[in-house]
Amino acid sequence: MTPFNYLLAKDADEASALSISNTKAKFLAGGTNLIDLMKENVARPDTLIDINKLAAFKSITEHEDGGLRLGALVRNADTAYDDRIQKRYPLLSQAILAGASAQLRNMASNGGNLLQRTRCYYFYDTATPCNKREPGTGCSALGGYNRIHAILGTSENCIAVFPSDMCVALAALGARINTHCVQGGRTIAFADFHRLPGDTPDIDNNLRTGELITSIDLPAESFNSHYSYLKLRDRTSYAFALVSVATALSLKDGLITDARLALGGLAHKPWRNTQAEDFLKNKEPNAKNFSDAADIILQEARGYEYNTFKIELAKRAIIRNGLTAANLQKL
Ligand SMILES: Cc1cc2nc3c(=O)[nH]c(=O)nc-3n(C[C@H](O)[C@H](O)[C@H](O)COP(=O)(O)OP(=O)(O)OC[C@H]3O[C@@H](n4cnc5c(N)ncnc54)[C@H](O)[C@@H]3O)c2cc1C
Ligand code: SF4
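These remarks concern the structure in this document. (Residues numbered from 1 in each chain as written. Chains lettered and ligands numbered in written order. Predicted model: local features only at pLDDT ≥ 70, side-chain atom pairs only at ≥ 80, totals over all residues. Heavy atoms only, no water.)

## A look at the sheet that holds strand β12 (residues 271-272)
Consider a sheet: its strands pair through backbone hydrogen bonds, and that pairing is either parallel or antiparallel.
For step 1, the next point in the chain: Taken in spatial order, the four strands make up an open sheet running β9-β10-β11-β12, and their pairing is antiparallel. The sheet terminates laterally at β9 (226-232) and β12, the two strands that pair on one side only.
For step 2, the next point in the chain: As defined by bridge partners, strand β10 (residues 243-252) adjoins strand β11 (residues 255-264) across nine bridges and the pair is classed as antiparallel. Bridge pairing in β11 places Ala-248 opposite Arg-260.
For step 3, the next point in the chain: Packing of helix α5 (residues 90-97) onto the sheet brings it into contact with β9 and β10, and relative to β9 it is tilted by some 15 degrees.
For step 4, the next point in the chain: Contacts between helix α12 (residues 309-325) and the sheet are confined to β9, β10 and β11, with β10 contributing the most and set at about 35 degrees to the helix. (Pairing = 2+ DSSP bridges. Helix = DSSP H or I, 4+ residues; strand = E, 2+ residues; numbered from the N terminus. Contact = heavy atoms within 4.5 Å. Axes fitted to C-alpha atoms, helices over the stretch in contact; angles between N-to-C directions.)

Pasting the structure below:
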């Protein structure tokens, strides 16, 4: 085991300052991803900065713009079962409950969910080259067994997917992420938070050193009448998505007035295509229109040796989930 120090931060400033003074340190929330990575020797922080005492990160509150603010340390289960989330943001509740297991959701925090790392087998296997784990060593998945890998937004350096379910719903809802840092906090639009692999697959997101996620803002528009999260996977529980789709619609007089479509399991970040959403506006919510929207989303999809099936699977998932969201078909 690699020895490490443990520090319990008393407030956000202390946590942020400790992280800036030691770039080998990591924040510890629920530990459900970080501790696993440490056990596998994939993550080797020399210090864990435990942020679990930061009371300001632990609540769900009303936001002045009519939405809700989710504390970064609120557990995934407490978020999914919160009355306000279930009534106003059922898409988010559905997506969270599609992930992991009850025990894991009890520990996993909202902030940690956004920052969980890929489940690429080679990333976890320290005997194999991996540009995400050891930049410059190569990508074992490109010529290897790449069944679970990405078909959108890939690069020649990495074809990993981001595994979160919760984040697919947050992308569809257009959430915002609030941060704290002794050098200045900010608000980041969800679409700008996670990164594509490009030349730097080792960097998953745009958080800066010393920056903590404090909360996630859900906009007032909650899409609580027409929504659906569909997760397709090898087992029906306790497995990551091969393809997932979060669909949220506003309907009036039989036509779509607003549409949100976000996809999981297909790219290095939750995948949202506003061109496809715009295409659906003022159209009927039928199979043909969802199929055409899927073609827009998937026109640049590229399959690798073992994952080409995801292109057709994603198309069918988009159609089926669109009809479900419109209440025209049961999930
Ligand atoms: C067996 C298994 C199955 C799973 N299945 C699914 C699934 O189907 N779907 C799914 O979505 N997820 C799944 N998960 C992942 C799970 O949701 C994540 O592990 C969890 O959300 C991470 O949250 P955490 O609080 O435990 O994070 P931690 O492990 O504590 O931290 C993760 C990372 O986030 C950083 N961090 C945490 N909080 C903050 C903060 N506030 N500010 C800045 N940095 C922070 C940490 O430094 C670390 O780098 C699964 C996990 C396991 C182990
Ligand atoms: S896909 Fe990304 S994470 Fe997987 S081996 Fe290649 S570089 Fe590593």
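## Quick look at the site of ligand 2
For step 1, the next point in the chain: Residues in contact with ligand 2 amount to 14 residues; listed here are only the nearest, Cys-120, Cys-130, Cys-139, Cys-158 and Ile-159.
For step 2, the next point in the chain: Here the shell around ligand 2 is built from residues that sort into nine nonpolar, four polar and one charged. (Near = heavy atom within 4 Å. Nonpolar A, V, L, I, M, F, W, Y, C, P; charged D, E, K, R; others polar.)

## A few points about the site of ligand 1
For step 1, the next point in the chain: Contacts to ligand 1 come from 31 residues, most closely from Phe-27, Gly-31, Thr-32, Ser-109 and Asp-165.
For step 2, the next point in the chain: The contact in question runs from an oxygen atom of ligand 1 to an N or O atom on the side chain of Ser-109, over 2.6 Å.
For step 3, the next point in the chain: Residue Asn-113 places a main-chain N or O atom 3.4 Å away from an oxygen atom belonging to ligand 1.
For step 4, the next point in the chain: For ligand 1, whose free accessible area comes to 980 Å², the fraction covered by protein is 93%.
For step 5, the next point in the chain: Elements that contribute at least two residues to the shell around ligand 1 include exactly β2 (25-28), α2 (34-39), α7 (110-115) and β8 (212-218).
For step 6, the next point in the chain: Here the shell around ligand 1 gets three residues from one element, more than from any other, and that element is α7. (Polar contact = N/O pair within 3.5 Å; in protein donor to acceptor, adjacent residues only side chain to side chain. Areas by Shrake-Rupley, 256 points an atom, 1.4 Å probe, with all protein chains shown as cover.)

## Description of the nonpolar core
For step 1, the next point in the chain: Grouped together as the largest cluster of nonpolar side chains are 47 residues, with contacts concentrated most on Leu-91, Leu-92, Leu-114, Leu-170, Phe-190 and Leu-218.
For step 2, the next point in the chain: Examining the composition of this core, we find that eight residues originate from one element, helix α9 (residues 166-173), more than from any other.
For step 3, the next point in the chain: Core analysis: the next-biggest nonpolar cluster, separate from the first, contains 30 residues, Leu-152, Val-243, Leu-266 and Leu-323 among them. (Core = buried A, V, L, I, M, F, W, Y, C linked by side-chain atoms within 4.5 Å. Buried < 20%, exposed > 50% of the residue type's maximum accessible area, 1.4 Å probe, protein only.)

## Quick word on α12
For step 1, the next point in the chain: Its 17 residues place the ends of α12 24 Å apart at the C-alpha level, agreeing with the 24 Å of an ideal helix rising 1.5 Å per residue.
For step 2, the next point in the chain: For α12, the full list of buried residues reads Lys-310, Ala-314, Ala-317, Ile-318, Ile-319, Asn-321, Gly-322, Leu-323, Thr-324 and Ala-325.
For step 3, the next point in the chain: Where the residues of α12 are buried, they touch β9, β10, β11 and α11 (287-298).
For step 4, the next point in the chain: Positive phi appears at Asn-327, one or two residues downstream of α12, with a value of about 65 degrees. (Expected span 1.5 Å × (residues − 1).)

## Topic: the sheet that holds strand β1 (residues 5-8)
For step 1, the next point in the chain: Taken together, three strands build an open sheet; the order of strands is β1-β3-β2 and the sheet is parallel. Edge positions in the sheet fall to β1 and β2, since each has one partner strand and no second. If you compare each strand with its neighbour and ignore which way they point, the axes differ by 25 degrees on average.
For step 2, the next point in the chain: As judged from the four bridges shared by β2 and strand β3 (residues 47-50), these two strands associate in the parallel manner. Residue pairing for β3: Phe-27 is matched across the bridge by Ile-49.

## Examining the side chain of Asn-52
For step 1, the next point in the chain: Relative to the assigned elements, Asn-52 resides in the loop between β3 and β4 (60-62).
For step 2, the next point in the chain: Within polar-contact distance, the side chain of Asn-52 engages the side chain of Arg-75 at 2.7 Å.
For step 3, the next point in the chain: Each residue touching Asn-52, except ones within four places of it in the same chain, is listed here: Leu-28, Ala-29, Lys-58, Leu-73 and Arg-75.

## Observations regarding unusual backbone geometry
For step 1, the next point in the chain: Non-glycine residue Asn-41 carries a positive phi angle of around 65 degrees.
For step 2, the next point in the chain: In this fold, Asn-41 is placed in the loop between α2 and β3.
For step 3, the next point in the chain: Despite not being glycine, Phe-223 has its phi angle at roughly 55 degrees, a positive value.
For step 4, the next point in the chain: Looking at the secondary structure, you find Phe-223 in the loop between β8 and β9.

## Let's talk about the pairing of β11
For step 1, the next point in the chain: Across the ten residues that make up β11, a large majority, seven, are buried.
For step 2, the next point in the chain: Linking β10 to β11, which pair antiparallel, is a turn of two residues; within it Asp-253 sits at a positive phi near 50 degrees.
For step 3, the next point in the chain: In this structure, the hairpin formed by β11 and β12 is closed by a connection of six residues, where Gly-265 is found at a positive phi of approximately 80 degrees.

## Description of the packing of aromatic side chains
For step 1, the next point in the chain: On inspection of all chains with the given rule, the structure shows four aromatic pairs.
For step 2, the next point in the chain: A centroid spacing of 5.9 Å and a plane angle of 85 degrees characterise the contact between Phe-123 and Tyr-124, whose relative ring orientation is edge-to-face. Like Tyr-124, Phe-123 is buried.
For step 3, the next point in the chain: Grouped by ring-pair contacts, the aromatic residues Tyr-121, Tyr-122, Tyr-145 and Tyr-306 constitute a single cluster.
For step 4, the next point in the chain: Across the ring face of Phe-279, the terminal group of Lys-283 is positioned such that the distance to the ring centre comes to 4.1 Å. (Phe/Tyr/Trp six-rings, centres within 6.5 Å; stacked < 30°, edge-to-face > 60°. Lys NZ or Arg CZ within 6 Å of the ring centre and 35° of its normal.)

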